[in-house]
Amino acid sequence: MMAATHRKHLVKDFNHFITCYVCKGYLIKPTTVTECLHTFCKSCIVQHFEESNECPKCGIQVHETNPLEMLRLDNTLEEIIFKLVPGLRESEQQREMEFWKRNKSRENGEDGPRSKRARLDEDDDDGADRDYHRSDPQIAICLDCLRNNGQVGENTVKGLMKKFIRCSTRVTVGTIKKFLSLKLKLPSSYELDVLCNGEIMGKDHTMEFIYMTRWRLRGENAYPMVLEYRPRIDFG
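Residue numbers here run from 1 along each chain, matching the order of that chain's written sequence. The predicted nature of this model means local features are confined to residues of pLDDT at least 70 and side-chain atom pairs, given and counted, to a pLDDT of 80 or more, with totals for whole chains, interfaces and linings taken over all residues. Note that the side-chain values use all heavy atoms of the structure and ignore hydrogens as well as water.

### Re the overall build of the protein
- Helix and strand assignments come from DSSP, with helices taken as H or I runs of at least 4 residues and strands as E runs of at least 2, each series counted from the N terminus. Assigned secondary structure in the protein consists of six helices and nine strands.
- Note on contacts: a residue pair qualifies if any of its non-hydrogen atoms lie within 4.5 Å across the two residues. For the protein, long-range pairs separated by at least 24 residues make up 60% of all intrachain contacts whose partners lie at least 6 apart in sequence.
- Here the accessible surface of atoms and residues is derived via Shrake-Rupley with a 1.4 Å probe, and residues count as covered only by protein chains that are part of the display. Carbon together with sulfur atoms contributes 50% to the accessible area of the protein, which is approximately 15,000 Å² in total.

This is the structure in structure tokens:
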């Protein structure tokens, strides 16, 4: 009986599936356009959508006004690429760390004693998850209560006693809302809006995504990044 032959595949055999159409490099934080299912590096497609509403590969109009809402990270593909390409994960983690170090606040006290800084992961009641995202790049945020917005009676929310926090760049707006509800002792039914530069942020937006697309790209040089919160406004 003839022995089965096994063809050894090279990484380049898969390049068509794991490279970005825009930059021609390996997909970094692969992000899929939900309208056409084409996938690009996150930074490539975000920068492209700052100038165009069309997919750079097929030309379909992704969204009339805000194509960024039609993007979804593909974490499964990211893991596959990291397994296929030796050393890619480590090199990207190093580049990401260097980026956030360059953008760390130079304000007084930013690198002060750890005990004087509120951290989202230390305020988590579940001790088993306390180290979650601890090794991620960190970002400093100012959580500011949006004033003069017609709050009256039960719709009033207060400002935080300590409004400066540090957290993982992968923390989502949904987690920020939970943090605010916990700190402000709000009932579970109470809903908040979180805004950056006056625009309401989606619950799945990460701090990194907001920094790249709503804060830095609008010419903001201030650090930390400022997010504002208010009671949710029902426009219906």
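Right, picking up where we left off after that structure.
### Considerations on helix H5 (residues 173–183)
- Burial here depends on accessible area, computed with a 1.4 Å probe over protein chains only, as a share of the maximum for the residue type. Under 20% is buried, over 50% is exposed, and the range in between is partly exposed. Where H5 is concerned, the buried positions are Val173, Gly174, Ile176, Lys177, Phe179 and Leu180.
- Phi for lysine 185, located one or two positions after H5, is positive at around 55°.

### Points about the nonpolar core
- Residues enter a nonpolar core if they are buried and are Ala, Val, Leu, Ile, Met, Phe, Trp, Tyr or Cys, with the set joined through side-chain atoms within 4.5 Å. Ranked by internal contacts, the top residues of the largest apolar core, which has 29 residues, are Ile141, Leu143, Leu180, Met207, Met225 and Leu227.
- Sorting the residues of this core by element identifies helix H4 (88–102), strand S5 (138–145), strand S6 (164–168), H5, strand S7 (192–196), helix H6 (207–215) and strand S9 (225–231) as the ones contributing at least two each.
- What leucine 143 contacts, discounting residues up to four positions off in sequence, is Leu160, Lys163, Ile165, Ile176, Phe179, Leu180, Leu227 and Tyr229.
- Listed in part, the 22 residues of the second largest apolar core include Leu27, Cys41, Leu68 and Ile81.

### Description of the sheet that holds strand S2 (residues 39–40)
- By definition, two strands form a pair when at least two bridges between them are found by DSSP. Here three strands make up an open sheet; going across it, the order is S2-S1-S3 and the pairing antiparallel. The open sheet is flanked by S2 and strand S3 (71–73), the only strands paired with a single partner.
- For strand S1 (residues 31–33) and S3, the ladder comprises three bridges, and the chain directions are antiparallel. Among the inter-strand pairings, valine 33 is bridged to a residue of S3, identified as leucine 71.

### Re the side chain of lysine 29
- Counting through the fold element by element, lysine 29 comes out in the loop between helix H1 (15–18) and S1.
- Note on lysine 29: relative accessible area 17%, which makes it buried.
- Polar contact criterion, stated in full: a pair of N or O atoms within 3.5 Å, where within protein one must be able to donate a hydrogen and the other to accept it, and residues adjacent in sequence count only if both atoms are side-chain atoms. Among the polar contacts listed, one links the side chain of lysine 29 to the side chain of glutamate 208, at a separation of 2.7 Å.
- Lysine 29 has contacts with Phe40, Cys41, Lys42, Leu73, Glu78, Glu96 and Glu208, leaving out every residue within four places of it along the chain.

### Some words on the packing of H4 against H6
- Every axis in this analysis is a line fitted to C-alpha atoms, fitted for helices over the stretch in contact. Angles between the N-to-C directions lie between 0 and 180 degrees. The interhelical angle for the contact between H4 and H6, taken along N-to-C directions, is 60°, at an axis separation of 14 Å. In this view, H4 runs oblique relative to H6, as classed from their interaxial angle. The handedness of the crossing between H4 and H6 comes out as left-handed. Between H4 and H6, the contacting residues are Glu96, Phe99 and Trp100 on the first element and Glu208, Tyr211 and Met212 on the second.
- The residue classification treats Ala, Val, Leu, Ile, Met, Phe, Trp, Tyr, Cys and Pro as nonpolar and Asp, Glu, Lys and Arg as charged. All others, Gly included, are polar. Here the contact of H4 with H6 is composed, by residue class, of four nonpolar, no polar and two charged. Just so you know how the angles are binned, under 35 degrees is roughly parallel, over 145 roughly antiparallel, 65 to 115 roughly perpendicular, and the rest oblique. Crossing handedness is defined as follows: a turn of the near helix away from the far one that is anticlockwise and smaller than a right angle gives a left-handed crossing, while the clockwise case is right-handed.

### A closer look at the packing of aromatic side chains
- Stacked, tilted and edge-to-face pairs are distinguished by plane angle, under 30 degrees for stacked and over 60 for edge-to-face with tilted covering the rest, among Phe, Tyr and Trp rings (Trp via its six-membered ring) whose centres lie within 6.5 Å. With the rule as written, the count across this model stands at zero aromatic pairs.
- Ring-over charges, as used throughout, are those where CZ of Arg or NZ of Lys falls within 6 Å of the ring centre and within 35 degrees of the ring normal. Here the basic side chain of lysine 24 rests over the ring of tyrosine 21, its NZ or CZ set 4.5 Å away from the ring centre.

### Side note on the pairing of S6
- Along S6, four of the five residues are buried, which leaves the element largely enclosed by surrounding structure.
- Sheet topology places S5 next to S6; five bridges connect them, and they run antiparallel. Its bridge partner lying in S6, cysteine 142 is registered against phenylalanine 164.

### Re the confidence of the model for the protein
- When pLDDT is averaged along the protein, the result is 77; 75% of the residues meet or exceed 70.
- pLDDT measures how confident the predictor is about each residue, on a scale from 0 to 100. Here strand S4 (residues 118–119) stands out as the least confident element of the protein, with mean pLDDT 48; S2 is the most confident, with 94.
- Contacts for the low-pLDDT stretch residues 105–119, under 50 throughout, to residues beyond four places or in other chains number 18 contacts.
- Throughout residues 121–132 the model reports pLDDT below 50, and contacts reaching past four residues in sequence, or to other chains, amount to eleven contacts.

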